[in-house]
Amino acid sequence: MIDQNIYDTDFIDDQLIEGLLAQPSEPAQVRDVIAKSMAKQPLSIAETAILVNATQPELIEEILDAARTLKREVYGNRIVLFAPLYIGNLCINDCAYCGFRRSNKEAIRRTLSMDEIRDQVKALEQTGHKRLILVYGEHARYDAKFIAETVRVTYDTKIPKGEIRRVNINAAPLSVEDYKIVKQAGIGTYQVFQETYHKPTYQTVHPAGTRKADYLWRLHALGRAMEAGIDDVGLGGLFGLYDWRFELLSLVTHALHLQAVYGVGPHTISFPRLKPASGVNLDEQWLTSDAEFKRLVAILRLAVPYTGLIMTCRESAEMRKELMEFGVSQIDAGTRLELGGYTEQQDIDSQEKHKEQFMLGDMRPLDEVVQQLLRDGHIPSFCTACYRKGRTGEVFMEYAIPGFIEKMCTPNALSTLQEYLCDFASPETRRVGEQIIEQQLALMSNESVKQTLQGYLQRIRSSDDRDLAF
Ligand code: SAM
Ligand code: SF4
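Residues numbered from 1 in each chain as written. Chains lettered and ligands numbered in written order. Predicted model: local features only at pLDDT ≥ 70, side-chain atom pairs only at ≥ 80, totals over all residues. Heavy atoms only, no water.

A. Molecular detail of the pattern of salt bridges. With the rule as written, the count across this model stands at 37 salt bridges. Put simply, Glu 163 and Lys 158 hold a salt bridge, and the shortest N to O gap is 3.2 Å. Glu 163 sits in the buried class, given a relative accessible area of 19%. Measuring nitrogen to oxygen at the nearest pair gives 3.3 Å for the salt bridge that ties Glu 195 to Arg 218. Here Glu 195 is found in the loop between strand 4 (190-191) and helix 8 (199-205), whereas its partner Arg 218 is found in helix 9 (residues 215-219), with 23 residues between them in sequence. Relative accessible area serves as the criterion here: at 8%, Glu 195 is assigned to the buried category. What emerges from the salt-bridge pattern is a single network uniting Lys 158, Glu 163, Arg 165, Arg 388, Glu 419 and Asp 467. (Salt bridge = Lys/Arg side-chain N within 4 Å of Asp/Glu carboxyl O. Buried < 20%, exposed > 50% of the residue type's maximum accessible area, 1.4 Å probe, protein only. Helix = DSSP H or I, 4+ residues; strand = E, 2+ residues; numbered from the N terminus.)

B. Region of the structure containing empty space enclosed by the protein. Applying the stated criterion to the full structure yields 6 cavities of 30 Å³ or more. Considered as a void within the structure, the second largest cavity measures approximately 70 Å³ in volume. Phe 82, Arg 131, Ile 133, Arg 166, Asn 168, Thr 189, Gln 191, His 267, Thr 268, Ile 310 and Gln 330 together form the lining of the second largest cavity. Of all the elements in the fold, those that place two or more residues in the lining of the second largest cavity are strand 2 (131-136) and strand 3 (166-170). Class assignment for the residues of the lining of the second largest cavity results in 3 nonpolar, 6 polar and 2 charged. (1 Å grid on protein atoms, 1.4 Å probe; cavity = no way out; pocket = protein on both sides within 12 Å on 5 of 7 lines; lining within 4 Å. Points joined across faces, edges and corners; volume = space filled by probe spheres on them. Nonpolar A, V, L, I, M, F, W, Y, C, P; charged D, E, K, R; others polar.)

C. Representation of the nonpolar core within the structure. Judged by nonpolar contacts, the single largest core of 156 residues is most densely connected at Leu 85, Tyr 190 and Phe 271. Apart from residues lying up to four places away in sequence, Phe 271 is in contact with Gly 237, Phe 239, Phe 293, Leu 296, Val 297, Leu 300, Leu 309, Ile 310, Met 311 and Val 328. (Core = buried A, V, L, I, M, F, W, Y, C linked by side-chain atoms within 4.5 Å. Contact = heavy atoms within 4.5 Å.)

D. Geometry of the packing of aromatic side chains. Inspection of the entire model under this criterion finds 12 aromatic pairs. Pairing Tyr 179 with Tyr 190 gives two aromatic rings, centres 4.9 Å apart and planes at 85 degrees, and the pair type is edge-to-face. With Tyr 179 in helix 7 (residues 176-184) and Tyr 190 in strand 4, this residue pair connects regions lying 11 residues apart in the sequence. Each member of the pair, Tyr 179 together with Tyr 190, is buried. Here Tyr 202 and Tyr 215 contribute two aromatic rings whose centre-to-centre distance is 5.0 Å and whose plane-to-plane angle is 85 degrees, an arrangement assigned as edge-to-face. Taken together, the positions of Tyr 202 in helix 8 and Tyr 215 in helix 9 put the pair 13 residues apart, joining distant regions of the chain. In this structure Tyr 215 comes out as buried when scored by relative accessible area, which is 5%. By way of ring pairs, the aromatic residues Tyr 136, Tyr 142 and Phe 146 are connected into one cluster. (Phe/Tyr/Trp six-rings, centres within 6.5 Å; stacked < 30°, edge-to-face > 60°.)

Here you go:
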């Protein structure tokens, strides 16, 4: 039983965080923390602060190097791929940074019908996607029953060799009862981003009287989700509203809080950077520079070694390529933010500001992203096995141990990549991908896993058998 008083507590201690950020760190301390992290132990807030306060160029390099190594050791060279599907942009809130906010009269409002959702899902399946995140504004129309229905429609929509096997959600915070309704539809991760953990900034960008102005209701959104039995949740902060260092320590505080109270840390953390949006004119004082952004991703990787890090198409192709090296484990690809954009947007290079939530940095189609990942030495993965085999939450944490990747994640990444290559890839992507699969097979030391995988790959190439997972 969760003590209900927990929901009235503010576990983000501004004074503590600001105090930690004011202490310069010594090189020896930084190296000790790096060593702890390389032993794959999660860091405390004070230890994370030591990394944040390391400003000498050589120490920053050591942090980036350590993150690069840890990423390879914990996640291997897989990058999990997904796409967002915007369901509706009606919104009762007035977030200063968002193109969907209610006072933005330029926004073109739309909610997809169930038939329109089916059309979007089919278009995404046609490109090869297996994992989606459904995104909603906050509105009475998008209640728990509606969200659950959109999830069911997404799962039920299939084309030959195409299906969505995991549906994640990014929507407004719900009550425990409402989370239970959404859970029954079989969702993967439920994401709620706190945006900024800094209370004065939070109150400035979320005007009083709006639902989102309630800081604590949002801060405990994912705790309530866990109480409702959703053990797979995603944290996030919108970087550019306040000092990135404060937000970073707060994200780690939040992750530790969930671990302490509910026994499970977050499955993922997202760290979107603020992008230009329709009618948005924000103070640029806190915009996170590229150099700061790299540090923040690397430090997050070291602080929470078993939490997936998500980076979206808000970032440019170049930035995504770089950040994948030292921390990121999931990216979206072929993304369209416009409602109905997977079937209706004619010119893929054009973006219409008034129909979208913000502007994208990477507009490449999925096949191009997959090919680039392969050329850069990554294994693009469409794997959804853990969630479907019940390996989530606490159980997943147990699996997230050495050996698990070699026995399950890499083989599953390769079998889902093989499906993609056979069913959806361009001839050149297929050629490069088949080479990578052969190289990866040659590297496998576990003979029994290798043999099973070879059997799966053969069946995928020569028959209609699909969804063969470890
Ligand atoms: N309406 C729900 C909410 O606010 O939680 C969920 C959907 S909202 C469309 C998803 C996320 O987009 C927000 O949590 C915010 O972090 C991000 N976002 C909003 N405006 C943005 C902007 N201008 N640039 C980058 N990300 C933005
Ligand atoms: Fe609405 Fe979410 Fe945009 Fe805020 S961030 S205006 S709640 S869609």
